[in-house]
Amino acid sequence: MDDKESESKQGNDTSANEPSASKAVPGPLGVGSVTSCFVEEIDSLAETLPLAMLSIEIAHKNARIRFLEFVSQNGVPDDDGRGLAIRAEDYFQFQKLQRQEGRTSASRKLVPRSFLVNLVSQYDAFLGRLIQTLFLIRPELLSSSDRAISFADLVAFGSVEAARDHIIEKEVESVLRKSHAEQFEWLEGRFSVKLRKDLPIWPEFIEITERRNLFVHTGGEISSQYLKNCKEHGATVAECAKGERLDVDSKYFKRAHHILFEMGVKLAQVLWRKLAPTEIEEADNSMITISYDLLTEKKYELAKVLLDFSVETLKRHSSESSRLKLQINRVQAYKWAGDCRRAEEILSEEDFSAASDVFQLADTVLRDDLPGTLGLVRKIGNCSSLSIGAYREWPLFQELRKQENFKEAIVEIFGEPLNKTTVKPDQAQDSNPG
């Protein structure tokens, strides 16, 4: 369940809504926008790496074929007759093809490493923007900074705001120069909040950031510093030895994306709610939108973790409607991931009898109560509570859309089929590669 449609049609009373058409650009005071931008950036890396690796594999295969074909066609039996020799006039081309094969082979290791380095770099940039935004929300927190500005410098800046921005910039730069563990120590001290308590991913987070450091500084060769820092923070590196080289496979990168996504969203939510309690509605909406997007993209494991956090750890919400949206999304995450027992347990904790029709509809859908669902669909009808777009798009209805009775009910209510999609002429033209 999302929250966009409620903003445009029913205020805070609607319990399920349509997804946002586009992501917001980070503003100077928008923690939600900063978080959204971070999610978009690391998702782009996660979706691009498989495509890059596919292209590399094709290039390597073709380079290998060209090399072998050249050797087969131009090689002559060597003196002992057990191999092929290359004539002097063909040796330049032989070397060229051999280098091409070697380079495409090397890129199979180098490209995933560079993607991991970029992944951690995007997290670092996000952390800097987050700290900057929090200081702009609570500028009084800068009073504890030990950075002083002389009167002459203040005059040169021209305004207190410009001087403030300079101090924030230097403060952020100072934090980002620290190790990732030291950054959390600084955040906990400066903002008076415990961030690593009950955080199971902390050891993995440290290992990922330390591995990134290896790729940047040692080409992936394990150092004593890597082993020391990982051991200090509980990361499992028992099979690693100094001098060995680490790499990044698809499984590792996928997990690294999960860890940094989870860490970034949790960090933003905790600090946002701590430092700007009046913005709790915006914080709720941000989490609702993020979880909705995860459900639409079928990233159920990440959705489960973040929705457990949003309901069980955050606890306080801007409204009962926001809490129920998160809870409904949480049930979906478990149900669509195949853990129906856990989904039923969570659902049984809620009493929807006093909730709106849309929440009651979500309840019947998730309980696989088709008669009850069809009754509520007809009761809600063609009104502002739910548009036909919601029935077409929401993950909540993904299994219901397969039911013929449901399709017939949609036609009765809206006068058009469930699976109808209108494409404007300009959209069709844009999508035509010719």
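Worth saying up front: this structure is predicted, and the values here are computed from it rather than measured.

### Here's the deal with the overall build of the protein
When its secondary structure is counted, the protein shows 18 helices and 2 strands. The buried share of the protein, reckoned over its 434 residues, is 47%. As presented, the protein carries roughly 22,400 Å² of accessible surface, and 50% of it is formed by carbon and sulfur atoms.

### Remarks on the confidence of the model for the protein
Put simply, the protein has an average pLDDT of 87, and 85% of its residues get 70 or more. In this model residues 5-27 is a low-confidence stretch, pLDDT under 50, and it forms 65 contacts with partners more than four residues away in sequence or in other chains.

### Comments concerning helix H17 (residues 404-414)
Taken together, the buried positions of H17 are occupied by Phe 406, Ala 409, Ile 410, Ile 413 and Phe 414. Buried residues of H17, viewed axially, fall in a sector of 105 degrees; they line one side. On its buried face, H17 sits against helix H15 (370-380) and helix H16 (388-393). The positive-phi residue at the C-terminal boundary of H17 is Gly 415, with phi of around 75 degrees.

### Considering the packing of helix H9 (residues 250-275) against helix H10 (residues 280-296)
H10 packs onto H9 with a crossing angle of 165 degrees between their chain directions and a minimal axis gap of 9 Å. Classified by the angle between their axes, H9 and H10 sit roughly antiparallel to one another. In this structure, H9 crosses over H10, and the sense of that crossing is left-handed. Contact residues: H9 offers Phe 261, Val 265, Gln 269, Trp 272 and Arg 273, while H10 offers Ile 280, Glu 282, Ala 283, Asp 284, Ser 286, Met 287, Ile 290 and Leu 294. Tallied by class, residues from the contact of H9 with H10 come to 8 nonpolar, 2 polar and 3 charged.

### Thoughts on the pattern of salt bridges
Summed over the entire model, instances satisfying the criterion amount to 33 salt bridges. Taking the shortest distance from any N to any O, the salt bridge between Glu 171 and Arg 190 comes out at 3.2 Å. Within this pair, whereas Glu 171 is found in helix H5 (residues 160-176), its partner Arg 190 is found in helix H6 (residues 180-191), the two being separated by 19 residues in sequence. Owing to a relative accessible area of 5%, Glu 171 belongs among the buried residues under this scheme. Linking Lys 266 and Glu 262 is a salt bridge whose minimum nitrogen-to-oxygen distance equals 2.7 Å. Here Lys 266 pairs with Glu 262, and both are found in helix H9, just 4 residues apart, close to one helical turn. Each of Asp 308, Glu 312, Arg 330, Arg 342 and Glu 345 takes part in salt bridges that share partners, so that together they form one network.

The rules behind these values
- Residues numbered from 1 in each chain as written.
- Predicted model: local features only at pLDDT ≥ 70, side-chain atom pairs only at ≥ 80, totals over all residues.
- Heavy atoms only, no water.
- Helix = DSSP H or I, 4+ residues; strand = E, 2+ residues; numbered from the N terminus.
- Buried < 20%, exposed > 50% of the residue type's maximum accessible area, 1.4 Å probe, protein only.
- Areas by Shrake-Rupley, 256 points an atom, 1.4 Å probe, with all protein chains shown as cover.
- pLDDT = per-residue confidence, 0-100.
- Contact = heavy atoms within 4.5 Å.
- Arc of directions from axis to C-beta.
- Axes fitted to C-alpha atoms, helices over the stretch in contact; angles between N-to-C directions.
- Parallel < 35°, antiparallel > 145°, perpendicular 65-115°, else oblique.
- Left-handed = near helix turned anticlockwise from the far one by under 90°.
- Nonpolar A, V, L, I, M, F, W, Y, C, P; charged D, E, K, R; others polar.
- Salt bridge = Lys/Arg side-chain N within 4 Å of Asp/Glu carboxyl O.

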